[in-house]
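# Working through the structure, step by step
As a plain string of letters, each chain reads:
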Amino acid sequence: MIVGAGLSGIDAAYRLRERNPDLDYRIVERRSRIGGTWDLFRYPGVRSDSDIFTLSFPWNPWRGQRTVARGDEIREYLERTAEEFGIAERITFDVDVTGADFDSATDLWTVDALVDGEPTTFVTRFLYMCTGYYRYEAGYRPEFPGEKDFRGTFVHPQFWPEDLDYEGKDVVVIGSGATAVTLIPSMAPRAGSVTMLQRSPTYMFPLPWEDPMTKLLQRALPAQVSHTVIRWRNAVSTMLMFLFCRAFPKLSRRLLRRIAIAMLPKGFDVDTHFKPRYEPWDQRLCVIPDGDFYTAIKDGDADVATDTIARITETGVELDSGRHLPADIIVTATGLDLVSFGGASLSVDGETVEPGEKYAYRGYMLDDVPNLAWSVGYTNASWTLRVDLTSQAVAELIEYMRRGGHTRAVPSLRGARPEAHALLELDAGYVKRAGSRLPKAGDRAPWQVRHNLLLDAWDARRYDVTEEMSFS
């Protein structure tokens, strides 16, 4: 059973059947249609925060030419892919998995779910959680002093109202992450004013909407070949930039600052609004296609305030500096609420599995938890790059189990316990808030979780599927 019909779930279905053509599987999805993140988020301008050629599947070419894709384009691509590859017929919608228990006597998972609100039970040999790492039903939303006095409208991007009218309205967007920098240039042409209110700055990185080399490769080569070449070129370029920023943080800061100065109005206070306290890639760089966020500020369509909130008033936001930001609409782009396994509770023989107490085996299984995989992407590159490696590893594991007649596969720590590290190597607020809710990474193979595509791709070709793994 695959839980989730987004990028991870569809990729999992393809890779499992690619290696195990007669494998019986079913995808269950809590929503009413395919897409996951790309069905949930519907705010203005929603788009990928990494290039689409690495975010799309390596086995189904992306047909567009733009470097970054809109949210609706990605969802349509997922739906079309599921139909073309026979995956759609194996998806059951409106199934909310609430928990699962593994029975060591039968080597089966009993999965509890709500189907159209009714309690239902499924039984499966292997459970593959492709649920992402944040809570769909609730985003992170801090309370602000005086917010009950506000006469306007509060909106969280995770639950954007379809009928929200912001034409000519004053809008304050609280937050400075990928969602905020996407929303602001999209809303600016219609809104009366749009101001990004940030507690601290974020690094911005302009990426062209269109790349001449991409167009050339697509014209010159067959679709699958050009897609592979573009995908690897973009993936390697992103990884090299990440490694450069890590190796030369001071130089990286200067380069990003110079980009901001060049694209913002002359005399703009870059050091107040776009000079973060942390080093590049301690948090994700925010991609701004063609520098659209900087352009909105330069054209006078948007503004930025770097300050803290004293209180919400009837008519806007009062800052600790004494400045008042008028607002008809306040958008709380304040982040995600991280959670393991989509919030489902797991147990083995009735004993609760606490994710934060477990080590991640190769980043996709948990120590001493049998027949369970979890799909989590990269934090410093496109989500799908790691997800696809994970799906291929799970497919290889299941092939090995079936070939050997094994009904149970369980990774177990052997020797000294590894030194614990964070699963997600980011200093972002949403990662810190997760605390012990996510599994741990170790400091040695196979318990290391390296956010490095090049090393992971190399390891995937040579690792032993039986390493620190027990079968029965």
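### Considerations on the overall build of the protein
Broken down by element type, the protein carries 13 helices and 26 strands. Seen through its principal axes, the protein has C-alpha atoms that stretch 70 × 55 × 45 Å. Here the protein holds 472 residues, and the buried ones make up 53% of them. Only carbon and sulfur atoms are counted for the fraction: they give 50% of the accessible area of the protein, which is about 20300 Å².

### Focus: the environment of Arg 15
Relative to the helices and strands, Arg 15 resides in helix α1 (residues 7-19). On a C-alpha basis, the gap between Arg 15 and Thr 390 in space is 9.5 Å, while along the polypeptide they are 375 residues apart. Each residue touching Arg 15, except ones within four places of it in the same chain, is listed here: Pro 58, Trp 59, Asp 388, Ser 391, Gln 392 and Ala 395. In terms of polar contacts, Arg 15 uses its side chain to reach the side chain of Asp 388, at 2.8 Å.

### Section: the sheet that holds strand β7 (residues 127-129)
Across the sheet, five strands lie side by side as β3-β2-β1-β7-β22; this open sheet has parallel pairing. Both edges of this open sheet fall to β3 (91-93) and β22 (372-374), since each of them pairs with a single strand only. With two bridges joining them, strand β1 (residues 2-3) and strand β2 (residues 27-29) adopt parallel strand pairing. Bridge pairing links Val 3 to Val 28 in β2.

### Quick notes on the pattern of salt bridges
Throughout the structure, instances matching the rule amount to 34 salt bridges. Among the salt bridges present, the one from Asp 337 reaches Arg 135, with a minimum N-O distance of 3.1 Å. Note that Asp 337 is positioned in the loop between β17 (329-332) and β18 (345-348) and Arg 135 in the loop between β7 and β8 (153-155), a separation of 202 residues in sequence. Note on Arg 135: relative accessible area 22%, which makes it partly exposed. Look at the salt bridges and you will find they share partners, linking Arg 30, Asp 96, Arg 135, Glu 137 and Asp 337 into a network.

### Points about the pairing of strand β5 (residues 108-115)
Two strands pair when backbone bridges link them, and strand β4 (residues 95-103) and β5 are joined in this way by eight bridges, in the antiparallel orientation. Of the residues in β5, the one forming a bridge with Asp 101 is Thr 110. Counting the residues between successive antiparallel strands, the hairpin from β4 to β5 contains four residues, one of them, Asp 107, with a positive phi of roughly 55°. Sheet analysis places β5 next to strand β6 (residues 118-124), joined by seven bridges and oriented antiparallel. The partner of Val 111 across the bridge, within β6, is Phe 122. Here β5 hands over to β6 after two residues, with Asp 116 in that stretch at a positive phi of 55°.

### Thoughts on the nonpolar core
Within soluble globular proteins, side chains that are nonpolar tend to cluster in buried spots. Leu 127 and Phe 293 are the most contacted members of the largest nonpolar core, which has 116 residues in total. The dominant element in this core, judged by the number of residues it contributes, is helix α11 (residues 383-404), at eight residues. Apart from residues lying up to four places away in sequence, Phe 293 is in contact with Val 181, Ile 184, Pro 185, Met 196, Met 204, Phe 274 and Ile 288. Counting residues in each nonpolar core, the second largest holds 14 residues, with Tyr 203, Cys 245, Tyr 278 and Leu 389 among its members.

### Quick notes on the side chain of Thr 214
Relative to the helices and strands, Thr 214 is located in helix α6 (residues 212-220). Here Thr 214 is in contact with Phe 53, Gln 65, Ile 230 and Arg 233, once residues within four sequence places are set aside.

### A word on the environment of Met 401
Along the chain, Met 401 turns up in helix α11. Overall, the relative accessible area of 5% leaves Met 401 in the buried class. Separated by 377 residues in the primary sequence, Met 401 and Asp 24 place their C-alpha atoms 14 Å from one another. Other than its neighbours up to four places away in sequence, Met 401 contacts Phe 126, Asn 371, His 406, Thr 407, Arg 408, Ala 409 and Phe 471.

Cut-off values and rules
Residues numbered from 1 in each chain as written. Predicted model: local features only at pLDDT ≥ 70, side-chain atom pairs only at ≥ 80, totals over all residues. Heavy atoms only, no water. Helix = DSSP H or I, 4+ residues; strand = E, 2+ residues; numbered from the N terminus. Buried < 20%, exposed > 50% of the residue type's maximum accessible area, 1.4 Å probe, protein only. Areas by Shrake-Rupley, 256 points an atom, 1.4 Å probe, with all protein chains shown as cover. Contact = heavy atoms within 4.5 Å. Polar contact = N/O pair within 3.5 Å; in protein donor to acceptor, adjacent residues only side chain to side chain. Pairing = 2+ DSSP bridges. Salt bridge = Lys/Arg side-chain N within 4 Å of Asp/Glu carboxyl O. Core = buried A, V, L, I, M, F, W, Y, C linked by side-chain atoms within 4.5 Å.

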